[in-house]
Amino acid sequence: MGQAYFPSDQSTGKISFHKTEEIAVSKADKYNRVKTWFMNYYKISRFEDQFRVTKKGKPVYLVENKNKNSIAGRCGFYIMYPLETSGLVMEQTFVMFTMTISFTNTGYKNQISDIICFSSKTTSNVQDMRPPEYGLEAYNERRLNDRDYVQQYIIPQVNNSIRKVQEELSRNIRYGNLTEAGR
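All values derive from a computational prediction rather than experimental measurement. (Residues numbered from 1 in each chain as written. Predicted model: local features only at pLDDT ≥ 70, side-chain atom pairs only at ≥ 80, totals over all residues. Heavy atoms only, no water.)

### A short note on the overall build of the protein chain
Phase 1 of the analysis: When you go through the protein chain residue by residue, the secondary structure sums to 4 helices and 8 strands.
Phase 2 of the analysis: When the helices and strands of the protein chain are read in sequence order from the N terminus, they spell out β-α-α-β-β-β-β-β-β-β-α-α.
Phase 3 of the analysis: Expressed as a percentage of the 183 residues in the protein chain, the buried residues total 42%.
Phase 4 of the analysis: Within the structure as shown, the protein chain displays about 10,500 Å² of accessible surface, and the carbon and sulfur contribution to it stands at 50%. (Helix = DSSP H or I, 4+ residues; strand = E, 2+ residues; numbered from the N terminus. Buried < 20%, exposed > 50% of the residue type's maximum accessible area, 1.4 Å probe, protein only. Areas by Shrake-Rupley, 256 points an atom, 1.4 Å probe, with all protein chains shown as cover.)

### Comments concerning unusual backbone geometry
Phase 1 of the analysis: Although it is not a glycine, Lys68 sits at a positive phi angle of roughly 60 degrees.
Phase 2 of the analysis: Topologically, Lys68 is positioned in the loop between β4 (62-64) and β5 (70-82).
Phase 3 of the analysis: The exposure class of Lys68 is partly exposed, given its relative accessible area of 41%.
Phase 4 of the analysis: One non-glycine residue, Asp114, lies in the positive phi region at around 50 degrees.

### Re the nonpolar core
Note on soluble globular proteins: their nonpolar side chains tend to be buried together.
Phase 1 of the analysis: Grouped together as the largest cluster of nonpolar side chains are 39 residues, with contacts concentrated most on Met99 and Tyr139.
Phase 2 of the analysis: Looking at this core, the elements that each hand over two or more residues are α1 (27-44), β5, β6 (90-103), β7 (107-119) and α4 (148-175).
Phase 3 of the analysis: Broken down by element, this core gets its largest block of residues, 9 residues, from α4. (Core = buried A, V, L, I, M, F, W, Y, C linked by side-chain atoms within 4.5 Å.)

### Digging into the confidence of the model for the protein chain
Phase 1 of the analysis: Per-residue confidence for the protein chain gives a mean pLDDT of 81; residues scoring 70 or more make up 77%.
Phase 2 of the analysis: Taken element by element, the predicted model of the protein chain shows its lowest mean pLDDT in helix α2 (residues 48-51) (52) and its highest in strand β1 (residues 17-22) (95). (pLDDT = per-residue confidence, 0-100.)

### Notes on the environment of Ser102
Phase 1 of the analysis: Within the element layout of this structure, Ser102 appears in strand β6.
Phase 2 of the analysis: Along the backbone, Ser102 and Asn69 are 33 residues apart, and their C-alpha atoms lie at a distance of 5.8 Å.
Phase 3 of the analysis: Sequence-distant contacts of Ser102, that is, excluding residues within four places in its chain, are made with Asn69, Ser70, Gly107, Tyr108 and Lys109. (Contact = heavy atoms within 4.5 Å.)

### Things to note about the side chain of Glu137
Phase 1 of the analysis: You can see Glu137 is positioned in the loop between β8 (133-135) and α3 (142-145).
Phase 2 of the analysis: We note that Glu137 is buried and unpaired, the nearest opposite charge coming from Lys14 at a distance of 4.5 Å.
Phase 3 of the analysis: Here Ile15 takes part through its backbone nitrogen, which lies 2.9 Å from a polar atom of the side chain of Glu137.
Phase 4 of the analysis: When neighbours within four sequence positions are excluded, Glu137 is seen to be in contact with Gly13, Lys14, Ile15 and Ile115. (Lys, Arg positive; Asp, Glu negative; His and termini not counted. Salt bridge = Lys/Arg side-chain N within 4 Å of Asp/Glu carboxyl O. Polar contact = N/O pair within 3.5 Å; in protein donor to acceptor, adjacent residues only side chain to side chain.)

So, in C-alpha coordinates, the structure goes:
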(Lines give C-alpha, C1' and ligand atoms only; values in the text may rest on other atoms or scores of the structure.)
Protein backbone atom coordinates (compact mmCIF):
# COMPACT_ATOMS: atom_id res chain seq x y z
CA MET A 1 0.00 0.00 0.00
CA GLY A 2 1.35 3.44 -0.93
CA GLN A 3 1.79 6.43 1.30
CA ALA A 4 -1.35 8.62 1.59
CA TYR A 5 -1.13 12.42 1.49
CA PHE A 6 -3.61 15.27 1.60
CA PRO A 7 -4.15 17.10 -1.72
CA SER A 8 -1.92 20.17 -1.76
CA ASP A 9 -1.09 23.00 -4.13
CA GLN A 10 2.24 22.36 -5.85
CA SER A 11 3.53 25.92 -5.48
CA THR A 12 2.34 26.84 -1.97
CA GLY A 13 2.06 23.43 -0.31
CA LYS A 14 -1.31 24.48 1.16
CA ILE A 15 -3.99 21.81 1.44
CA SER A 16 -7.42 22.45 -0.04
CA PHE A 17 -10.41 20.47 -1.21
CA HIS A 18 -12.71 21.39 -4.10
CA LYS A 19 -16.07 20.17 -5.31
CA THR A 20 -17.90 21.54 -8.32
CA GLU A 21 -21.44 20.47 -9.09
CA GLU A 22 -24.07 21.37 -11.64
CA ILE A 23 -27.52 21.77 -10.08
CA ALA A 24 -30.67 22.94 -11.85
CA VAL A 25 -31.70 25.35 -9.07
CA SER A 26 -31.85 29.12 -9.40
CA LYS A 27 -28.82 31.06 -8.17
CA ALA A 28 -30.92 32.85 -5.52
CA ASP A 29 -32.30 29.53 -4.20
CA LYS A 30 -28.79 28.04 -4.04
CA TYR A 31 -27.57 31.06 -2.09
CA ASN A 32 -30.52 30.96 0.35
CA ARG A 33 -30.18 27.21 0.87
CA VAL A 34 -26.47 27.51 1.62
CA LYS A 35 -27.04 30.37 4.05
CA THR A 36 -29.74 28.31 5.81
CA TRP A 37 -27.35 25.33 5.94
CA PHE A 38 -24.62 27.49 7.53
CA MET A 39 -27.06 28.92 10.08
CA ASN A 40 -28.25 25.42 11.05
CA TYR A 41 -24.65 24.20 11.19
CA TYR A 42 -23.75 26.98 13.61
CA LYS A 43 -26.91 26.46 15.65
CA ILE A 44 -26.03 22.83 16.40
CA SER A 45 -22.28 23.46 16.62
CA ARG A 46 -20.65 22.67 19.95
CA PHE A 47 -17.43 24.53 19.20
CA GLU A 48 -18.55 27.86 20.66
CA ASP A 49 -16.56 27.90 23.87
CA GLN A 50 -13.11 26.89 22.69
CA PHE A 51 -12.90 27.99 19.09
CA ARG A 52 -15.04 31.13 18.88
CA VAL A 53 -16.87 29.92 15.79
CA THR A 54 -20.20 30.98 17.23
CA LYS A 55 -21.36 33.36 19.89
CA LYS A 56 -24.70 32.47 21.47
CA GLY A 57 -25.51 30.24 18.49
CA LYS A 58 -24.84 32.93 15.86
CA PRO A 59 -21.91 32.71 13.46
CA VAL A 60 -18.87 34.82 14.22
CA TYR A 61 -17.41 34.21 10.79
CA LEU A 62 -19.95 34.26 7.96
CA VAL A 63 -19.04 36.36 4.94
CA GLU A 64 -21.76 37.06 2.42
CA ASN A 65 -21.21 38.61 -0.99
CA LYS A 66 -23.61 41.52 -1.54
CA ASN A 67 -24.37 40.29 -5.08
CA LYS A 68 -25.13 36.82 -3.64
CA ASN A 69 -22.40 35.27 -5.79
CA SER A 70 -20.62 33.61 -2.85
CA ILE A 71 -20.80 32.89 0.85
CA ALA A 72 -18.06 31.71 3.21
CA GLY A 73 -18.00 30.41 6.75
CA ARG A 74 -15.86 28.55 9.26
CA CYS A 75 -16.68 24.91 9.88
CA GLY A 76 -15.10 22.14 11.87
CA PHE A 77 -15.19 18.58 13.11
CA TYR A 78 -13.38 16.36 15.59
CA ILE A 79 -11.26 13.31 14.85
CA MET A 80 -9.95 10.80 17.40
CA TYR A 81 -7.09 8.39 17.01
CA PRO A 82 -4.82 6.20 19.14
CA LEU A 83 -1.26 7.38 19.69
CA GLU A 84 0.02 3.93 20.57
CA THR A 85 -0.45 0.53 18.98
CA SER A 86 -2.27 -0.65 22.11
CA GLY A 87 -5.05 1.86 21.40
CA LEU A 88 -5.20 2.84 25.05
CA VAL A 89 -3.95 6.41 24.61
CA MET A 90 -6.31 8.44 22.44
CA GLU A 91 -5.96 11.97 21.13
CA GLN A 92 -8.75 14.24 20.01
CA THR A 93 -8.07 16.88 17.36
CA PHE A 94 -10.43 19.59 16.20
CA VAL A 95 -10.10 20.40 12.51
CA MET A 96 -11.36 23.87 11.54
CA PHE A 97 -11.54 25.16 7.99
CA THR A 98 -12.95 27.92 5.81
CA MET A 99 -15.59 26.82 3.32
CA THR A 100 -16.31 29.18 0.43
CA ILE A 101 -19.20 28.45 -1.93
CA SER A 102 -19.27 30.37 -5.22
CA PHE A 103 -22.45 30.26 -7.28
CA THR A 104 -22.92 30.17 -11.04
CA ASN A 105 -26.15 30.08 -13.01
CA THR A 106 -25.79 26.33 -13.53
CA GLY A 107 -24.14 25.16 -10.31
CA TYR A 108 -21.66 25.96 -7.57
CA LYS A 109 -18.07 25.47 -6.49
CA ASN A 110 -17.24 24.47 -2.93
CA GLN A 111 -13.68 25.25 -1.80
CA ILE A 112 -12.33 24.18 1.58
CA SER A 113 -9.10 25.90 2.64
CA ASP A 114 -7.27 27.42 5.62
CA ILE A 115 -7.38 24.12 7.47
CA ILE A 116 -6.11 24.37 11.05
CA CYS A 117 -5.88 21.60 13.64
CA PHE A 118 -6.19 22.10 17.39
CA SER A 119 -4.91 19.29 19.60
CA SER A 120 -5.41 18.83 23.26
CA LYS A 121 -2.47 17.18 24.92
CA THR A 122 -3.59 13.83 26.29
CA THR A 123 -0.13 12.63 27.26
CA SER A 124 3.16 14.20 28.23
CA ASN A 125 4.86 12.64 25.23
CA VAL A 126 8.10 14.56 24.69
CA GLN A 127 8.36 13.18 21.14
CA ASP A 128 5.28 15.12 20.01
CA MET A 129 6.29 17.18 16.98
CA ARG A 130 3.19 19.39 16.78
CA PRO A 131 2.25 22.56 18.60
CA PRO A 132 -1.30 22.82 20.05
CA GLU A 133 -2.39 24.68 16.88
CA TYR A 134 -0.98 23.75 13.46
CA GLY A 135 -1.86 23.55 9.79
CA LEU A 136 -3.10 20.29 8.31
CA GLU A 137 -0.02 20.47 6.07
CA ALA A 138 2.02 19.12 9.01
CA TYR A 139 0.63 15.65 8.25
CA ASN A 140 2.09 15.75 4.73
CA GLU A 141 5.59 16.27 6.15
CA ARG A 142 7.65 13.11 6.15
CA ARG A 143 8.30 13.04 9.93
CA LEU A 144 4.55 12.78 10.68
CA ASN A 145 3.30 11.22 7.45
CA ASP A 146 5.37 8.07 8.03
CA ARG A 147 3.61 7.37 11.33
CA ASP A 148 1.04 4.56 11.35
CA TYR A 149 -1.63 6.56 13.18
CA VAL A 150 -1.46 9.29 10.50
CA GLN A 151 -1.85 6.79 7.66
CA GLN A 152 -4.48 4.61 9.34
CA TYR A 153 -6.57 7.16 11.23
CA ILE A 154 -5.93 10.85 10.58
CA ILE A 155 -5.83 11.01 6.78
CA PRO A 156 -8.85 8.69 6.27
CA GLN A 157 -10.91 10.42 9.01
CA VAL A 158 -10.22 13.93 7.72
CA ASN A 159 -10.92 12.94 4.10
CA ASN A 160 -14.14 11.18 5.13
CA SER A 161 -15.29 14.11 7.28
CA ILE A 162 -14.61 16.62 4.49
CA ARG A 163 -16.53 14.38 2.06
CA LYS A 164 -19.46 14.18 4.49
CA VAL A 165 -19.61 17.98 4.89
CA GLN A 166 -19.52 18.40 1.10
CA GLU A 167 -22.25 15.77 0.59
CA GLU A 168 -24.47 17.30 3.28
CA LEU A 169 -24.13 20.74 1.71
CA SER A 170 -24.80 19.31 -1.77
CA ARG A 171 -27.98 17.59 -0.52
CA ASN A 172 -29.12 20.82 1.09
CA ILE A 173 -28.54 22.82 -2.11
CA ARG A 174 -30.24 20.18 -4.23
CA TYR A 175 -33.32 19.49 -2.07
CA GLY A 176 -33.58 22.46 0.29
CA ASN A 177 -33.38 22.50 4.05
CA LEU A 178 -34.17 19.01 5.30
CA THR A 179 -32.86 19.52 8.85
CA GLU A 180 -35.72 21.77 9.98
CA ALA A 181 -38.48 19.77 8.23
CA GLY A 182 -38.82 17.19 11.02
CA ARG A 183 -38.91 19.68 13.88
